[in-house]
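Next come the chains, spelled out residue by residue.
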Amino acid sequence: GAVVSQHPSWVICKSGTSVKIECRSLDFQATTMFWYRQFPKQSLMLMATSNEGSKATYEQGVEKDKFLINHASLTLSTLTVTSAHPEDSSFYICSVGRDEQFFGPGTRLTVL
Amino acid sequence: AQRVTQPEKLLSVFKGAPVELKCNYSYSGSPELFWYVQYSRQRLQLLLRHISRESIKGFTADLNKGETSFHLKKPFAQEEDSAMYYCALKGGGNTPLVFGKGTRLSVIA
């Protein structure tokens, strides 16, 4: 299966700053990557579909100007949380794959 | 609308007892159904998918289209089975997974 990494694994930032999270597909050419958010003790909620070379598709209720997604290559998608606020604190997870999805280890974001 | 329902938030069973984690789905079409497991401090990983009809770690799941269910079963629970279990569905093509809310399985020694 595909090997997916995320960086950083954990980040703490001040309110109002921006944070970039990377998702790398190490051995799979991913034209599409998915970004999920997981709040404590809750399930994964799809935020957006990242498309290589084109605009991301956002789920209803997810602000595209706040969660900027860039998918510049077949192995890298980035999620930038702009002007982060404490309510953005969550676990962000990416996945790649066609029939079977392979998940990254997640990035824990804490906004103070 | 696509929806996955896992009615139990927490399921506690004794070691050696049978386990059944329930999953019902709503989808207009023929979805693919999956069970994912998340052990403590580990990433989400695939446990089963309905089209492979495999038994992984003693777990099985049968897709019942009439009841729109995909319950996960194991005849004899082990302590190492304690984890979060998520049922998920996927439409055709390069579409994302839709997850249920998850069931935490706790196997008591």
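Residues numbered from 1 in each chain as written. Chains lettered and ligands numbered in written order. Predicted model: local features only at pLDDT ≥ 70, side-chain atom pairs only at ≥ 80, totals over all residues. Heavy atoms only, no water.

Enquirer: Hey, could you run me through the interface of chain A and chain B in this one?
Expert: The figure often quoted for interface size is the accessible area lost as the parts come together. Contacts between the two partners involve 18 residues from chain A and, on the opposite side, 17 residues from chain B. Roughly 1500 Å² is buried in total at the junction of chain A and chain B, and carbon and sulfur atoms are behind 52% of that figure. For the chain A face of the interface with chain B, the top three residues by lost area are A:Ser43, A:Asp99 and A:Phe103, together amounting to 32%. Our count for the contact surface shared by chain A and chain B stands at zero salt bridges. Our count for the chain A to chain B interface comes out at seven residue pairs in polar contact (both at pLDDT 80 or more). Secondary structure elements with two or more residues in the side of chain A that touches chain B: strand E4 (32-38) and strand E5 (44-51) of chain A. The leading source of residues in the side of chain A that touches chain B is E4(A), at four residues. Considering only residue class, the side of chain A that touches chain B consists of seven nonpolar, eight polar and three charged. (Contact = heavy atoms within 4.5 Å. Buried area = accessible area lost by both parts, 1.4 Å probe. Salt bridge = Lys/Arg side-chain N within 4 Å of Asp/Glu carboxyl O. Polar contact = N/O pair within 3.5 Å; in protein donor to acceptor, adjacent residues only side chain to side chain. Helix = DSSP H or I, 4+ residues; strand = E, 2+ residues; numbered from the N terminus. Nonpolar A, V, L, I, M, F, W, Y, C, P; charged D, E, K, R; others polar.)

Enquirer: How do you make sense of the state of the cysteines when you look at a structure like this?
Expert: A covalent bond between the sulfur atoms of two cysteines is referred to as a disulfide. Scanning the entire structure with this criterion turns up two disulfides over all chains. Each sulfur in the disulfide pair A:Cys23 and A:Cys94 lies 2.0 Å from the other. The S-S bond linking A:Cys23 to A:Cys94 shows a torsion near 80°; that makes this disulfide right-handed. Highlighted residues: A:Cys23 in strand E3 (residues 19-25) and A:Cys94 in strand E9 (residues 90-96), separated in sequence by 71 residues. In this model B:Cys23 forms its disulfide with B:Cys87; the gap between the sulfur atoms is 2.0 Å. Taking the sign of the S-S torsion, about -65° here, the bridge from B:Cys23 to B:Cys87 comes out left-handed. Within this pair, whereas B:Cys23 is found in the loop between strand E3 (19-21) and strand E4 (24-26), its partner B:Cys87 is found in strand E9 (residues 83-90), the two being separated by 64 residues in sequence. Of the two residues, B:Cys23 and B:Cys87, both sit in the buried class. This cysteine, A:Cys13, is not joined by any disulfide, and A:Cys94 carries the nearest cysteine sulfur, 19 Å off. (Disulfide = S-S within 2.5 Å. Buried < 20%, exposed > 50% of the residue type's maximum accessible area, 1.4 Å probe, protein only.)

Enquirer: It is not clear to me how the sheet that holds E3(B) should be interpreted in this structure. Could you clarify?
Expert: Consider a sheet: its strands pair through backbone hydrogen bonds, and that pairing is either parallel or antiparallel. All names here are of chain B. Here three strands make up an open sheet; going across it, the order is E3-E8-E7 and the pairing antiparallel. Both edges of this open sheet fall to E3 and strand E7 (60-61), since each of them pairs with a single strand only. Relative to strand E8 (residues 72-74), E7 is paired through two bridges, and the arrangement is antiparallel. In the sheet register, Thr60 faces E8, and the bridge partner there is Lys73. (Pairing = 2+ DSSP bridges.)

Enquirer: Just to check I follow, could you spell out the pairing of strand E11 (residues 103-108) of chain B for this structure?
Expert: Remark: a regular strand shows side chains that alternate across the two faces of the sheet. All names here are of chain B. Because side chains alternate across E11, one face comprises the buried residues Thr103, Leu105 and Val107, and the other comprises Arg104, Ser106 and Ile108, none of which is buried. Pairing of E9 with E11 involves three bridges; the strand directions are antiparallel. The partner of Ala83 across the bridge, within E11, is Leu105.

Enquirer: I tried to follow the packing of aromatic side chains on my own but got confused; where do I start?
Expert: All names here are of chain B. This structure, assessed with the given rule, holds nine aromatic pairs over all chains. Ring centres of Phe59 and Tyr85 lie 5.6 Å apart, and the angle between their planes is 45°; this geometry places the pair in the tilted category. You can see Phe59 sitting in the loop between strand E6 (45-49) and E7 and its partner Tyr85 sitting in strand E9, a full 26 residues away along the chain. We classify Phe59 as buried; its relative accessible area is 1%. (Phe/Tyr/Trp six-rings, centres within 6.5 Å; stacked < 30°, edge-to-face > 60°.)

Enquirer: I tried to follow the layout of surface pockets on my own but got confused; where do I start?
Expert: Using a probe with the size of a water molecule, rolled over the atoms, empty space left in the structure can be pinpointed. Approximately 880 Å³ is the volume attributed to the largest pocket. As for the largest pocket, its lining consists of 32 residues, and the residues nearest its centre are A:Ser43, A:Leu44, A:Met45, B:Phe99 and B:Gly100. The element best represented in the lining of the largest pocket is E5(A), accounting for four residues. Tallied by class, residues from the lining of the largest pocket come to 15 nonpolar, ten polar and seven charged. Taken as a whole, the second largest pocket encloses approximately 620 Å³ of empty space. (1 Å grid on protein atoms, 1.4 Å probe; cavity = no way out; pocket = protein on both sides within 12 Å on 5 of 7 lines; lining within 4 Å. Points joined across faces, edges and corners; volume = space filled by probe spheres on them.)

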